[in-house]
Amino acid sequence: MTVQKASVCPLDCPDTCSLTVTVSGDDVLAVRGSKVNPITHGAICAKVANSYPEFVHGPNRLRYPLKRIGRKGEGKFERTSWDEALDTIRDRVGAVIERYGSQAVLPLNYAGPHGMLAGDSMSLRFFHGLGASLLSRNPLCGGIRSAAYAGTFGATPGTPLQQVSLSKLIIVWGNNATVCNLHLMRQINAAKRNGARLVVIDPRRVKVAEQAQLHLPVRPGTDVVLAWAIAVELERLGGLDRAFIDEHVLGFDAFMEAARGYPPERAAEICGVELDDIRTLARWYKQASPAVIAWGNGLERNQNGGSGLRAIAALPALAGKFGVAGGGLVGGAGHAFPKTLDKLTRADFVPPQTRTINILDVARLLLDDYLEPPIKALFIYNHNPLIVHPDQNRMKQALAREDVFVVGIEVAMTDSMAYADVVLPACTHFEHADLYAAYGQQYLQRAEAVIPPVGESLPNTEIFRRLAAKFGLTDPAFRASDAELMDAALSSDDPRMQGLQPSRIPVDRAIKMQYGSAEPILFDNVAPRTPSGKIELLSQTLGDRYGAILPGYRPLVSRYPLTLITPASDKRITSTFGGLPESDATPVLEVNPDDAARRGLSDGMWVRVWNDLGEVFLPLRITTLVRPGVVCSEKGAWLRTSPNGQTVSALAPTHKADLADGACFNDARVEVQAR
């Protein structure tokens with residue numbers, strides 16, 4: 001007998017769709033969208049609909065604890081018991097702590113599942129209680145955008161996604177919406193039916209650009225210059241809202257002084273866009289109300305990423321686009337939820353003077369024989385670092401160290417798990433209960449298990465409960481149930497919870513985050529939560545933390561002539577689902593016809609793409625979708641797709657962005673030649 005059960009998509013995507021799962025006995029047969037969440041309203045991406053049943057039940061699923069019997073990276077394991085696996089971890093990690101201290105232990109995790117429990121709840125309680133080194137995760141992705149948003153507006157929600165449908169002008173900036181933000185498209189299409197204009201700013205003519213009245217193919221890393229130029233043109237057109245600026249904006253004069261160094265004429269040359277297009281966009285933006293900007297993570301992946309985001313965030317402030325439904329900036333959705341993360345993760349357990357390690361530095365530090373204390377025990381979970389970190393070859397070398405004990409906790413046998421000494425099988429989200437506070441829309445959802453755990457797999461929370469017990473952590477916090485963890489994750493007393501305890505949210509309901517029974521509208525029912533209480537174009541907070549009191553622009557100099565961008569795939573969520581047959585093929589490299597002709601390249605041939613960090617062999621697709629000087633290949637493919645064991649992450653640099661010490665994937669500069 002088949003039954004339909006409610007669930008929620010947990011993957012690293014802003015949409016967080018509500019799901020209906022068809023189950024027969026212990027098997028997931030089909031996954032489709034449900035209408036519980038009115039934002040996602042029954043529509044889900046093809047990758048979730050097509051891939052989840054095999055991801056849960058297919059041959060790459062981890063079902064039992066494993067111990068390594070071959071060389072690191074070889075992928076040879078044998079089955080073991082939970083007791084033996086946990087005893088081995090206790091003994092090996094205990095020996096590391098005895099010799100080097102507890103900070104020689106490091107968690108290495110990121111955003112595989114976005115459930116609040118599976119993501120980081122009992123896991124961080126365990127590492128905090130153990131006294132392990134802390135990990136700064138946001139620099140890998142999202143941290144630059146979060147810092148830019150918070151530095152400008154503070155911890156306050158921006159324009160709700162559903163209000164995009166009310167806009168008269170929508171600017172999609174660095175957001176491959178059809179692949180990464182599907183339900184933004186529903187709102188765009190509704191707005192267009194009511195006469196709205198659509199502008200897309202992206203170095204690649206992504207699918208959403210095909211529907212736009214205007215596409216600006218900006219050079220990667222120059223978005224700050226383009227935003228400055230729009231501000232300057234708004235000033236020339238009389239499009240600055242002086243009354244709003246005087247009352248609600250801090251740093252206007254300093255911001256505009258920087259911007260005036262990049263008028264549209266100069267910006268057109270730097271950004272590689274048409275002068276008339278800059279002027280047209282500024283004119284449309286001045287005239288339209290409401291007007292909204294919907295940005296994406298593509299903007300942050302370069303050394304000027306924070307500056308670009310801040311300059312873009314300044315535009316609705318300068319033009320007075322806030323205060324009305326459908327106006328402003330779609331962002332900061334995570335601030336809409338009454339989270340109590342310190343209570344959830346028990347930050348009070350962290351010993352004084354515990355060091356914090358940037359996630360981007362893990363490979364380098366694993367190889368640093370002079371680090372004090374060294375990293376000698378690594379727990380990899382919710383993450384596939386070998387595929388998603390910059391400088392892949394260095395990560396491979398680091399994980400191969402025989403003197404570093406690696407614990408892997410995963411759903412599937414990934415390329416990174418092949419380097420683990422012990423692998424513990426984790427449940428998918430279909431096998432445990434969790435809470436889902438989205439980062440792209442403002443609805444809170446809860447899901448329960450729809451099938452029992454596959455094989456001997458366990459939820460992350462239970463795995464770390466058992467680890468805590470093995471390591472002698474006796475505080476009741478380490479025995480908290482999943483329901484207790486849910487209730488620690490959010491404040492049930494907050495009016496936004498509508499009188500519900502987090503652990504008791506019905507699974508057939510999505511809780512809309514509201515302020516005084518209304519959706520948040522900046523400068524109507526919510527306000528900036530900055531030190532000044534204003535929109536801070538000049539941020540002393542960012543100045544003190546990163547030396548970036550104002551946005552700035554630094555041209556990237558390289559002896560390699562082509563910029564490699566690595567956007568998301570329509571087959572994977574970063575690297576999740578990369579082990580399935582749909583991702584067997586090697587991703588193509590898209591090259592503009594002008595760049596191909598200069599190099600004597602022809603469509604369909606295999607090419608070598610290289611820089612000082614590595615080389616990747618890819619089939620060539622010649623297309624006008626990418627602008628001259630830019631080449632493009634999708635991220636997240638696994639090593640089996642590569643003829644030489646390197647993917648595009650091998651070409652990504654390790655230098656840091658202007659905010660959050662974040663990753664600069666789109667600063668990869670390469671050359672291409674026939675293989």
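Details of the structure are given in the entry above.
What you are looking at is a predicted structure, and each value in this text was computed from that prediction instead of being measured.

### A word on the overall build of the protein
Okay, so step 1: For the protein, the helix and strand inventory stands at 21 helices and 27 strands.
Okay, so step 2: The C-alpha atoms of the protein give a radius of gyration of 24 Å, which matches the 26 Å a tight globule of 675 residues would have.
Okay, so step 3: For the C-alpha atoms alone, the extent of the protein along its principal axes is close to 70 × 65 × 55 Å.
Okay, so step 4: Looking at the protein residue by residue over its 675 residues, the buried ones come to 62%.
Okay, so step 5: Within the protein, counting contacts between residues at least 6 apart in sequence, those at least 24 apart form 76% of the total.
Okay, so step 6: For the protein, the exposed area adds up to about 24,200 Å²; of that, 48% sits on carbon and sulfur atoms.
Okay, so step 7: If the 72 positive side-chain charges of the protein are averaged to one point and the 71 negative ones to another, these points end up 2 Å apart.

### Some details on the packing of aromatic side chains
Okay, so step 1: This model, assessed by the stated rule, comprises 20 aromatic pairs.
Okay, so step 2: Ring geometry for Phe-153 versus Phe-322: centroids 5.7 Å apart, planes at 75°, classification edge-to-face. Of this pair, Phe-153 sits in helix α5 (residues 143-153) while Phe-322 sits in the loop between α13 (305-318) and β13 (328-330); the two residues are 169 residues apart in sequence, bridging distant segments of the chain.
Okay, so step 3: Phe-322 gets classed as buried once you look at its relative accessible area, which sits at 9%.
Okay, so step 4: The ring of Trp-82 carries the charged tip of Arg-466 above its face, separated from the ring centre by 5.8 Å.
Okay, so step 5: Arg-608 extends its terminal NZ or CZ atom over the ring of Trp-610, reaching a point 4.2 Å from the ring centre.

### What about the side chain of Gln-392?
Okay, so step 1: The topology assignment puts Gln-392 in helix α17 (residues 392-399).
Okay, so step 2: Setting aside anything within four residues of it in sequence, one finds Gln-392 in contact with Leu-386, Ile-387, Leu-639, Gly-645, Gln-646, Thr-647, Ser-649 and Ala-650.

### A closer look at helix α1 (residues 46-57)
Okay, so step 1: When α1 is considered as a whole, its buried residues turn out to be Lys-47, Val-48, Ser-51, Tyr-52, Pro-53, Phe-55 and Val-56.
Okay, so step 2: Next to the buried residues of α1 lie β2 (18-24), β3 (27-33) and α6 (177-180).

### Focus on the sheet that holds strand β10 (residues 214-216)
Okay, so step 1: Spatially, β10-β9-β8-β12-β13 is the arrangement adopted by the five strands of the open sheet, whose pairing is parallel. Each edge of the open sheet carries a strand with a single partner, namely β10 and β13. Going from strand to strand, the sheet's axes swing by 20° on average, the running direction of each strand aside.
Okay, so step 2: Pairing between strand β8 (residues 169-173) and strand β12 (residues 291-295): five bridges, direction parallel. Paired with Ile-171 across the two strands is Ile-293, which belongs to β12.
Okay, so step 3: Across the face of the sheet, helix α12 (residues 275-287) comes into contact with β8, β9 (197-201), β10 and β12 while running at roughly 125° to β10.

### As for the environment of Tyr-436
Okay, so step 1: You can see Tyr-436 is positioned in strand β18 (residues 434-437).
Okay, so step 2: Tyr-436 gets classed as buried once you look at its relative accessible area, which sits at 1%.
Okay, so step 3: Separated by 321 residues in the primary sequence, Tyr-436 and Gly-115 have C-alpha atoms spaced 5.1 Å apart.
Okay, so step 4: Residues within four places of Tyr-436 in sequence aside, it is in contact with Val-8, Cys-9, Pro-10, Thr-16, His-114, Gly-115, His-429, Tyr-443, Leu-444, Gln-445 and Ala-447.

### Comments concerning the pattern of salt bridges
Okay, so step 1: A full pass over the atoms with the stated rule returns 39 salt bridges.
Okay, so step 2: The residue Lys-571 makes a salt bridge to Asp-570 at a minimum N-O spacing of 3.5 Å.
Okay, so step 3: Lys-571 sits in the partly exposed class, given a relative accessible area of 37%.
Okay, so step 4: A relative accessible area of 45% places Asp-570 in the partly exposed class.

### Some remarks on α12
Okay, so step 1: If you check α12, its first and last C-alpha atoms are 19 Å apart, about what 13 residues at 1.5 Å a residue would give, namely 18 Å.
Okay, so step 2: All of the buried residues along α12 are Asp-277, Ile-278, Thr-280, Leu-281, Ala-282, Trp-284 and Tyr-285.

### Observations concerning the environment of Trp-228
Okay, so step 1: You can see Trp-228 is positioned in helix α8 (residues 223-237).
Okay, so step 2: Look at Trp-228 and you get buried, because its relative accessible area is 2%.
Okay, so step 3: For Trp-228 and Leu-360, which are 132 residues apart along the polypeptide, the C-alpha to C-alpha distance reads 30 Å.

### Some thoughts on the sheet that holds strand β1 (residues 2-8)
Okay, so step 1: Strand order in the open sheet formed by three strands is β1-β2-β3, with antiparallel pairing between adjacent strands. In this open sheet, the two edge strands, each paired with only one partner strand, are β1 and β3. Going from strand to strand, the sheet's axes swing by 30° on average, the running direction of each strand aside.
Okay, so step 2: As defined by bridge partners, β2 adjoins β3 across six bridges and the pair is classed as antiparallel. If you follow Thr-22 over to β3, its bridge partner there is Ala-30.

### Looking at the packing of α8 against helix α11 (residues 264-271)
Okay, so step 1: The interhelical angle for the contact between α8 and α11, taken along N-to-C directions, is 160°, at an axis separation of 9 Å. Considering the angle they form, α8 stands roughly antiparallel to α11. For the element pair α8 and α11, the recorded crossing hand is left-handed. Residues Val-225, Leu-226, Ala-229, Val-232 and Glu-233 of α8 pack against Pro-264, Ala-267, Ile-270 and Cys-271 of α11.
Okay, so step 2: Among the residues making up the contact of α8 with α11, the classes are represented as eight nonpolar, no polar and one charged.

### Overview of empty space enclosed by the protein
Over the atoms, a rolled probe matching the size of one water molecule traces out where space is still vacant.
Okay, so step 1: Considering all chains together, one arrives at seven cavities of 30 Å³ or more under this definition.
Okay, so step 2: By volume, the largest cavity amounts to about 700 Å³.
Okay, so step 3: In terms of lining residues, the largest cavity is bounded by 45 residues, among which Ala-111, Gly-112, Asn-382, Ser-575 and Thr-576 are the most central.
Okay, so step 4: When residues of the lining of the largest cavity are traced back to their parent elements, those giving at least two are α1, α16 (385-388) and β16 (405-410).

### A few points about the pairing of β9
Regular strands show a simple pattern: their side chains alternate between the two faces of the sheet.
Okay, so step 1: Burial analysis of β9 places four of its five residues in the buried class, the great majority of the element.
Okay, so step 2: Across five bridges, the pairing between β8 and β9 is parallel. Residue pairing across strands places Ile-170 opposite Leu-198, the latter belonging to β9.
Okay, so step 3: Pairing analysis gives three bridges linking β9 to β10, with the strands arranged parallel. What sits directly across from Ile-201, in β10, is Leu-216.

### Description of the layout of surface pockets
Okay, so step 1: Counted as a void, the second largest pocket has a volume near 520 Å³.
Okay, so step 2: Around the second largest pocket sit 26 residues that line it, and Arg-204, Asp-570, Glu-590, Arg-621 and Glu-634 are the ones nearest its centre.

### Structural notes on the packing of helix α10 (residues 252-259) against α13
Okay, so step 1: Contact pair α10 / α13: the axes reach a minimum separation of 12 Å and the direction vectors enclose 120°. Comparing the axis directions of α10 and α13 gives the class oblique. Considering the relative orientation of α10 and α13, their crossing is left-handed. In contact with Phe-252, Phe-255 and Met-256 of α10, α13 contributes Ala-311, Ala-314 and Leu-318.
Okay, so step 2: Partitioned by chemical class, the residues of the contact of α10 with α13 number six nonpolar, no polar and no charged.

About the criteria used
Residues numbered from 1 in each chain as written. Predicted model: local features only at pLDDT ≥ 70, side-chain atom pairs only at ≥ 80, totals over all residues. Heavy atoms only, no water. Helix = DSSP H or I, 4+ residues; strand = E, 2+ residues; numbered from the N terminus. Rg over C-alpha atoms; globule rule 2.2 N^0.38 Å. Buried < 20%, exposed > 50% of the residue type's maximum accessible area, 1.4 Å probe, protein only. Contact = heavy atoms within 4.5 Å. Areas by Shrake-Rupley, 256 points an atom, 1.4 Å probe, with all protein chains shown as cover. Lys, Arg positive; Asp, Glu negative; His and termini not counted. Charge placed at Lys NZ, Arg CZ, Asp CG, Glu CD. Phe/Tyr/Trp six-rings, centres within 6.5 Å; stacked < 30°, edge-to-face > 60°. Lys NZ or Arg CZ within 6 Å of the ring centre and 35° of its normal. Pairing = 2+ DSSP bridges. Axes fitted to C-alpha atoms, helices over the stretch in contact; angles between N-to-C directions. Salt bridge = Lys/Arg side-chain N within 4 Å of Asp/Glu carboxyl O. Expected span 1.5 Å × (residues − 1). Parallel < 35°, antiparallel > 145°, perpendicular 65-115°, else oblique. Left-handed = near helix turned anticlockwise from the far one by under 90°. Nonpolar A, V, L, I, M, F, W, Y, C, P; charged D, E, K, R; others polar. 1 Å grid on protein atoms, 1.4 Å probe; cavity = no way out; pocket = protein on both sides within 12 Å on 5 of 7 lines; lining within 4 Å. Points joined across faces, edges and corners; volume = space filled by probe spheres on them.

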